[in-house]
Amino acid sequence: MSKKDFLPEGSQRDTGKDAQRINIYIAKLVGEAVRTTLGPKGMDKMLVNSGGEVTVTNDGVTILRELELDHPVAKMIVQIAETQEDEVGDGTTTAVVLAGELLKKAENLLDKNVHPAIISKGYRVSADISKKIAESYAFKISEKDYVKIGMTAMTGKGSEDHKELLSKIVCEAIKIIKKDLNRKNINIEKKHGESTDKTSLIKGVVIDKERIHSSMPKEKKGKVALLDIPLEIRSPDNDAKINISDPEKIQSLFEMEESLIRNLVNKISDSGTNILFCQKGIDDLAQYLLAKKGIYACRRVKKSDMEKLSKATGAKIVSDVLDLKNNFGFAKVKSHVVGDDEITIVTECENPEVVTILVRGETSHVADEAKRAVEDAIGDVLAVYKNNKVVGGAGSFEIKLANDLRKEAKKFLGKEQLVIQAFADSLEIIPRTLAENAGKDPLDVLSSVNASGKDWPGVDVFEGVLIDALKEGIIEPLKIKIQALSSASQVANMILRIDDVILSQKSSTSE
Ligand code: ADP
Ligand code: MG
């Protein structure tokens, strides 16, 4: 009986060397898919999902997410990109490209009859040594140079032309939330219709909702109420049919409804509410009455926005108008016109350490890509605020590390030495790709490294020569680099250790 007979009909199984080769092949493919986007001269990808929605992006993790890859190995690689994104917010392409290259080099070693367990162990040792060497490279920068970190993160993105302005905004935002360096304290809202250079920093929250009645004040400062119940009698979620044929009864029902609404609005107004955010609907009558009371109100505010408002203004979300009184927050709201829309800007909040970057772009694609660039920059600048350890970019970090790791490799014998050397060689995929993506011959650039005498020899993507990355201000947080190294080597090891892939019929057709 063959091994396959254990499995249900229709399942697919690859074992031993086959499984390994297929897995490596898949990992290399995923690496190749994002490789051309790496660095300042990286190209963008246009992705069209099954619903016909178009995304144009240069962002590794976004590309991989949109591709909706099916193979389990591809999913593992996508996961490292996502971990990288969650942990540090940048360096996703680097991590994936590196993982692909580590596996490509592993394949060569397998051809030389090096056992996968030895490769896996050697890669682990290499990652550990690399981290130590990397730590020894790190240097500190002063706060005024943090803007360079954000700019390096945004180089080559769609919003490249505005990277200085965007990076300054990011740095200013982080400075405001300095006491609680959590990226959740920085909200990002995007609105298209204006150039990215109109992106602004708001010390507070932006709610993409208009005030519900044109006679409400355009600006109001005072007590903020957050309500999560509808101010309407027949809300769409509650449209029970009532059959009444007697006109008098209909009239009295209307009157009853009206008085209920009046009553609710009176209670809101009596509580002292100046500004009201309602998570549900507010009907015409309630809108009119609230406007008459001079209250600024927004309806159908997203739950996530209600939570942001609660954090910023100090108000608690309540489900009973009688509870408003003890749960107010404080802020100033202002109605603001962007393009054809009216939005609400909430500033002077009780909690001043909540900020919003209002990202603009001529079209929604441009605004989306600018938002992703800003998110990368936030990740990088936050990393430096948390831990002021920086290294040179433009491939210089990887060039230095590869050289020093090769020296360390000499301390090991036989196959282990080969594996560590392979790990070191893999690191060079980063500078090589930066050069290739800029249309330069990587050999031309890299062959002069040793003779150059440069401290941080990096790739000049314009001239195709070596530059000193540090002198050019191309710097990145150490944390991004270490995270990319460790996630890439972890996933490579995981994939190398697999010698059996079983795809049940269900899992291959159900998605
Ligand atoms: P990732 O998703 O890995 O962050 P990016 O497309 O953002 O990928 O590219 C990051 C790489 O680009 C890093 O190696 C970084 O050092 C390099 N880089 C950034 N700015 C420059 C520059 N001006 N010249 C050369 N390389 C640069
Ligand atoms: Mg990046």
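The structure displayed is predicted, hence computed values, not measured ones.

**Quick notes on the side chain of Thr433**
Part 1: The topology assignment puts Thr433 in helix H14 (residues 429–437).
Part 2: Excluding residues within four positions of it along the chain, Thr433 makes contact with Arg35, Leu38 and Val97.

**Notes on helix H3 (residues 72–87)**
Part 1: Over its 16 residues, H3 runs 22 Å from end to end, which matches the ideal 22 Å to within 8%, given 1.5 Å per residue.
Part 2: Taken as a whole, H3 has its buried residues at Val73, Ala74, Met76, Ile77, Val78, Ile80, Ala81, Gln84 and Glu85.
Part 3: Residue Gly89 follows H3 closely and has a positive phi angle near 80°.

**With respect to the nonpolar core**
Part 1: In this structure, Ile119, Tyr123, Phe397, Leu405, Phe423, Leu427 and Ile495 are the most contacted members of the largest nonpolar core, which totals 72 residues.
Part 2: In terms of residues, this core owes the most to one element, helix H4 (residues 92–111), which gives 10 residues.
Part 3: Apart from the residues lying within four places of it in its own chain, the contact partners of Phe423 are Leu102, Tyr123, Ser126, Ala127, Ser130, Leu405, Leu485 and Ser489.
Part 4: Counting residues in each nonpolar core, the second largest holds 30 residues, with Tyr146, Ala153, Ala373 and Ala377 among its members.

**Regarding the packing of helix H5 (residues 116–137) against helix H12 (residues 396–409)**
Part 1: Running from N to C, H5 and H12 cross one another at 125°; their axes reach a closest spacing of 10 Å. Taken together, H5 and H12 sit at an angle that is classed as oblique. In this structure, H5 crosses over H12, and the sense of that crossing is right-handed. Only Phe397, Lys400, Leu401, Asp404, Leu405 and Glu408 of H12 make contact with H5, whose side of the interface consists of Ser126, Ile129, Ser130, Ile133, Ala134 and Tyr137.

**Some remarks on the site of ligand 1**
Part 1: For ligand 1, the set of nearby residues contains 22 residues, the closest of which are Asp90, Thr93, Thr94, Ala394 and Glu476.
Part 2: Between ligand 1 and Gly39 there is a distance of 3.0 Å, counted from an oxygen atom to a backbone nitrogen or oxygen.
Part 3: Taking Lys157, its side chain carries an N or O atom lying 3.4 Å from an oxygen atom of ligand 1.
Part 4: Of all the secondary-structure elements, those providing two or more residues to the shell around ligand 1 are H4 and H14.
Part 5: With 3 residues, the top contributor of residues to the shell around ligand 1 is H4.
Part 6: Class assignment for the residues of the shell around ligand 1 results in 8 nonpolar, 10 polar and 4 charged.

**Description of the packing of H4 against H5**
Part 1: One way to put it is that H4 packs onto H5 with a least axis distance of 10 Å and a crossing angle of 140°. In this view, H4 runs oblique relative to H5, as classed from their interaxial angle. Crossing of H4 against H5: the hand is right-handed. On H5, the residues that touch Leu102, Lys105, Ala106, Leu109 and Leu110 of H4 are Pro116, Ile119 and Tyr123.

**Focus: the packing of aromatic side chains**
Part 1: Taken as a whole, this structure holds 5 aromatic pairs when the rule is applied.
Part 2: Arranged with centres 6.2 Å apart and planes meeting at 90°, the rings of Tyr137 and Phe397 form a pair that is edge-to-face. In this pair, Tyr137 sits in helix H5 while Phe397 sits in helix H12, placing the two residues 260 residues apart along the sequence.
Part 3: Relative accessible area serves as the criterion here: at 11%, Tyr137 is assigned to the buried category.
Part 4: When the centroid spacing of 5.9 Å and the interplanar angle of 80° are considered together, the rings of Tyr137 and Trp456 count as edge-to-face. With Tyr137 in helix H5 and Trp456 in the loop between helix H16 (449–452) and strand E15 (457–459), the pair connects residues that are 319 residues apart, well separated along the chain. This pair shows no difference in class: Tyr137 is buried, exactly as Trp456 is.
Part 5: In textbook terms, an aromatic cluster arises when at least three aromatic residues are bridged by ring pairs, as seen for Tyr137, Phe139, Phe397 and Trp456.
Part 6: The residue whose ring lies beneath Lys400 is Tyr137, and the NZ or CZ to ring-centre distance is 5.0 Å.
Part 7: Above the plane of the ring of Trp456 lies Lys400, whose end atom (NZ or CZ) is 4.4 Å from the centre.

**Quick notes on the pairing of strand E11 (residues 329–338)**
Part 1: The pairing of strand E7 (residues 219–227) with E11 spans 6 bridges and is classified as antiparallel. When the bridges of E11 are listed, Glu219 appears paired with Lys334.
Part 2: Both E11 and strand E12 (residues 341–347) contribute to a ladder of 7 bridges, which runs antiparallel. Directly across from Lys332, in E12, lies its bridge partner Thr347.
Part 3: Counted between consecutive antiparallel strands, the loop separating E11 from E12 contains 2 residues, among which Gly339 sits at a positive phi close to 60°.

**As for a nonpolar patch on the surface**
Part 1: The grouping of Met46, Val48 and Val54 at the surface amounts to a nonpolar patch, some 280 Å² of accessible area in total.
Part 2: Tracing the backbone shows Val48 in strand E2 (residues 45–48).
Part 3: Relative accessible area serves as the criterion here: at 55%, Val48 is assigned to the exposed category.

Parameters and conventions
Sequence order as written defines the numbering, with residues in each chain counted from 1. Written order determines the labels here, with chains lettered from A and ligands numbered from 1. Only residues with pLDDT of at least 70 get local features here, since the model is predicted, and only at 80 or more are side-chain atom pairs given and counted; chain-wide, interface and lining totals rely on the full set of residues. The basis for every side-chain value is the complete set of non-hydrogen atoms in the structure, without hydrogens or water. In DSSP terms, a helix is any run of H or I states spanning at least four residues, a strand is any run of E spanning at least two, and both are numbered starting from the N terminus. Working rule for contacts: check all heavy atoms of both residues, and any pair within 4.5 Å makes them a contact. To estimate the expected span of a helix, count its residues, drop one, and scale the result by 1.5 Å. Relative accessibility under 20% of the residue-type maximum defines a buried residue, over 50% an exposed one, and the middle range a partly exposed one, all with a 1.4 Å probe and only protein chains included. Buried Ala, Val, Leu, Ile, Met, Phe, Trp, Tyr and Cys residues that are joined via side-chain atoms within 4.5 Å together make up what is termed a nonpolar core. Every axis in this analysis is a line fitted to C-alpha atoms, fitted for helices over the stretch in contact. Angles between the N-to-C directions lie between 0 and 180 degrees. The scheme is simple: roughly parallel for angles under 35 degrees, roughly antiparallel for over 145, roughly perpendicular for 65 to 115, oblique for anything else. Should the near helix be turned anticlockwise from the far one by less than a right angle, the crossing is left-handed, and should it be turned clockwise, the crossing is right-handed. In these notes, residues near a molecule or strand are those with any non-hydrogen atom within 4 Å of it. Pairs of N or O atoms within 3.5 Å make up the polar contacts considered here, provided that, within protein, one atom can donate a hydrogen while the other can accept it, and that residues adjacent in sequence are counted only when both atoms are side-chain atoms. Think of it as three bins: nonpolar holds Ala, Val, Leu, Ile, Met, Phe, Trp, Tyr, Cys and Pro, charged holds Asp, Glu, Lys and Arg, and polar takes everything else, Gly as well. In summary, the pairing rule links any two rings of Phe, Tyr or Trp, Trp by its six-membered ring, whose centres are within 6.5 Å, and it sorts them by plane angle into stacked for under 30 degrees, edge-to-face for over 60 and tilted for everything else. When the NZ atom of lysine or the CZ atom of arginine is within 6 Å of a ring's centre and also within 35 degrees of its normal, the charge is said to sit over that ring. Paired strands are those between which DSSP finds at least two bridges. Residues with no salt bridge and a relative accessible area higher than 30% make up the patches, which join like charges within 9 Å and nonpolar side chains (Val, Leu, Ile, Met, Phe, Trp, Tyr) within 5 Å. Each accessible area is a Shrake-Rupley estimate made with a 1.4 Å probe; only the visible protein chains count as cover when residues are assessed. Any Lys or Arg side-chain nitrogen found within 4 Å of a carboxyl oxygen on Asp or Glu counts as a salt bridge.

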